[in-house]
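Each chain is listed here by its residues.
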Amino acid sequence: MSAPAELRELLLSRITDVPDYPQPGVMFKDITPLLADARAFGALTDAFADLCERYHADKVVGLEARGFILAAPVAVRAGIGFVPVRKAGKLPGATLGQSYDLEYGTAEVEIHADALAPGDRVLVIDDVLATGGTADASLQLVRRAGAEVAGLAVLLELGFLAGRQRLEPGLKGAPLEALITV
């Protein structure tokens, strides 16, 4: 699914390109102007909350760090719970962890071991789908916790990085919704 033209235009008008950030040759997509615009942020929240309803989600999982910012108001709007996926070592208590490959090395994300229950339907939300490593690790965590992946939703998909293709096996038929693909 891509966003309706009016929503897509509104969201794109509030996303700015920052060249050479965080390193030379990278064109960073900055969503902070979108977050600062109540109309655009509200429209984005509504679009994601509609996906929660469409896919009968019981919980929303937000990926560190900008995924938290997007997913928490979606959970409130949809009337369901929010669960953060954090970098390893950031959550107190018992956690489930999942490592994934980076271009150079590995990283790990975690959720609280008791955050999801068997039978929970979970919509995973993040800001940008790039290579798909963090999203794939999050899908694995959701399933290891006994919950079902209702879908994965992102504001922006960087199609040229082939994250969608990397995620296909891990989605196991669950939908991947990108409001905007560039």
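Criteria and thresholds
Residues numbered from 1 in each chain as written. Predicted model: local features only at pLDDT ≥ 70, side-chain atom pairs only at ≥ 80, totals over all residues. Heavy atoms only, no water. Phe/Tyr/Trp six-rings, centres within 6.5 Å; stacked < 30°, edge-to-face > 60°. Helix = DSSP H or I, 4+ residues; strand = E, 2+ residues; numbered from the N terminus. Salt bridge = Lys/Arg side-chain N within 4 Å of Asp/Glu carboxyl O. Core = buried A, V, L, I, M, F, W, Y, C linked by side-chain atoms within 4.5 Å. Buried < 20%, exposed > 50% of the residue type's maximum accessible area, 1.4 Å probe, protein only. Contact = heavy atoms within 4.5 Å. UniProt positions renumbered as here; feature names shortened; annotations may be inferred. Pairing = 2+ DSSP bridges. Axes fitted to C-alpha atoms, helices over the stretch in contact; angles between N-to-C directions. Expected span 1.5 Å × (residues − 1). Lys, Arg positive; Asp, Glu negative; His and termini not counted.

Colleague: Just to check I follow, could you spell out the packing of aromatic side chains for this structure?
Modeller: Where two aromatic rings form a pair, the distance of their centres and the angle of their planes describe that pair. For the structure shown, the criterion picks out 2 aromatic pairs. Seen from their ring centres, Y21 and F28 are 5.2 Å apart, and the 85° between their planes marks the pair as edge-to-face. Between F68 and F82 the ring centres are 6.3 Å apart and the planes differ by 85°, which places this aromatic pair in the edge-to-face class. In this pair, F68 is assigned in helix α4 (residues 66–78) and F82 in strand β4 (residues 81–87), connecting sequence segments 14 residues apart.

Colleague: Would you mind showing me how to read the pattern of salt bridges here?
Modeller: Any two side chains of opposite charge can pair if their charged atoms end up close together. Throughout the structure, instances matching the rule amount to 9 salt bridges. E177 is the salt-bridge partner of R54, the closest N and O atoms lying 3.6 Å from each other. Of the two residues, R54 is situated in helix α3 (residues 38–54) and E177 in strand β9 (residues 176–181); the sequence distance between them amounts to 123 residues. Measuring nitrogen to oxygen at the nearest pair gives 2.7 Å for the salt bridge that ties R86 to E64. Pair noted here: R86 is in strand β4 and E64 is in the loop between β3 (59–63) and α4, with a separation of 22 residues, a long-range link.

Colleague: Can you help me understand the nonpolar core in this one?
Modeller: Across soluble globular proteins, nonpolar side chains show a tendency to be buried alongside one another. With 34 residues, the main nonpolar core has L34, F48, L70, I125 and L155 as its most contacted residues. No other element matches the 8 residues that α3 contributes to this core. Sequence-distant contacts of F48, that is, excluding residues within four places in its chain, are made with L70, V74, L123, I125, A153, V154, L155 and L179. Listed in part, the 28 residues of the second largest apolar core include V83, I111, L139 and A174.

Colleague: What exactly am I supposed to notice about the UniProt feature "domain: Phosphoribosyltransferase" (unreviewed entry) in the chain here?
Modeller: As recorded in UniProt, the sites labelled "domain: Phosphoribosyltransferase" (unreviewed entry) are residues 45–156. For residues 45–156, the end-to-end C-alpha separation is 14 Å, with 31% helix and 41% strand making up the annotated structure.

Colleague: How should I be thinking about the sheet that holds β9 in this particular structure?
Modeller: Sheet strands pair via backbone hydrogen bonds, and the direction of the pair is either parallel or antiparallel. Overall, mixed pairing links the 7 strands, which are arranged β5-β6-β4-β3-β7-β8-β9 in an open sheet. The open sheet has two edge strands with one neighbour each: β5 (95–102) and β9. Strand-to-strand, the axes of this sheet are offset by a mean angle of 20°, without reference to chain direction. Pairing between β4 and strand β6 (residues 105–112): 2 bridges, direction antiparallel. In the strand pairing of β6, R86 is matched with E110.

Colleague: Just to check I follow, could you spell out helix α5 (residues 133–144) for this structure?
Modeller: Think of an α-helix as turning once every 3.6 residues; residues three or four places apart then point the same way. Taking 1.5 Å as the rise per residue, α5 with 12 residues should run 16 Å; its terminal C-alpha atoms sit 17 Å apart, in good agreement. For α5, the set of buried residues is G133, A135, D136, A137, S138, L139, L141 and V142. In the segment just after α5, G146 is the residue with positive phi, at about 95°.

Colleague: Explain the side chain of D136 to me, please; I cannot follow it from the model alone.
Modeller: Along the polypeptide, D136 turns up in helix α5. For the buried residue D136, which engages in no salt bridge, the nearest side chain bearing the opposite charge is R166, 5.0 Å off. Apart from the residues lying within four places of it in its own chain, the contact partners of D136 are L167 and G170.

Colleague: Where do I start with the environment of V76 in this structure?
Modeller: Positionally, V76 belongs in helix α4. Overall, the relative accessible area of 69% leaves V76 in the exposed class. It is 9.7 Å that separates the C-alpha atoms of V76 and V60, two residues lying 16 residues apart in sequence.

Colleague: Got a minute to help me understand unusual backbone geometry in this structure?
Modeller: The general pattern is negative phi for most residues beyond glycine and trans for most peptide bonds. Cis peptide bonds are those with omega within 30 degrees of zero, and the linkage from Y21 to P22 qualifies with 5°. Position of P22 among the secondary structure elements: in the loop between β1 (16–19) and β2 (27–30). The linkage connecting E64 with the following residue, A65, adopts the cis geometry, with an omega of 0°. Residues other than glycine seldom take positive phi values, yet D20 does so here, at roughly 60°. Mapped onto the elements, D20 comes out in the loop between β1 and β2. Positive phi values are uncommon outside glycine, yet H56 reaches one of about 55°. With respect to the helices, strands and loops of the structure, H56 is situated in the loop between α3 and β3.

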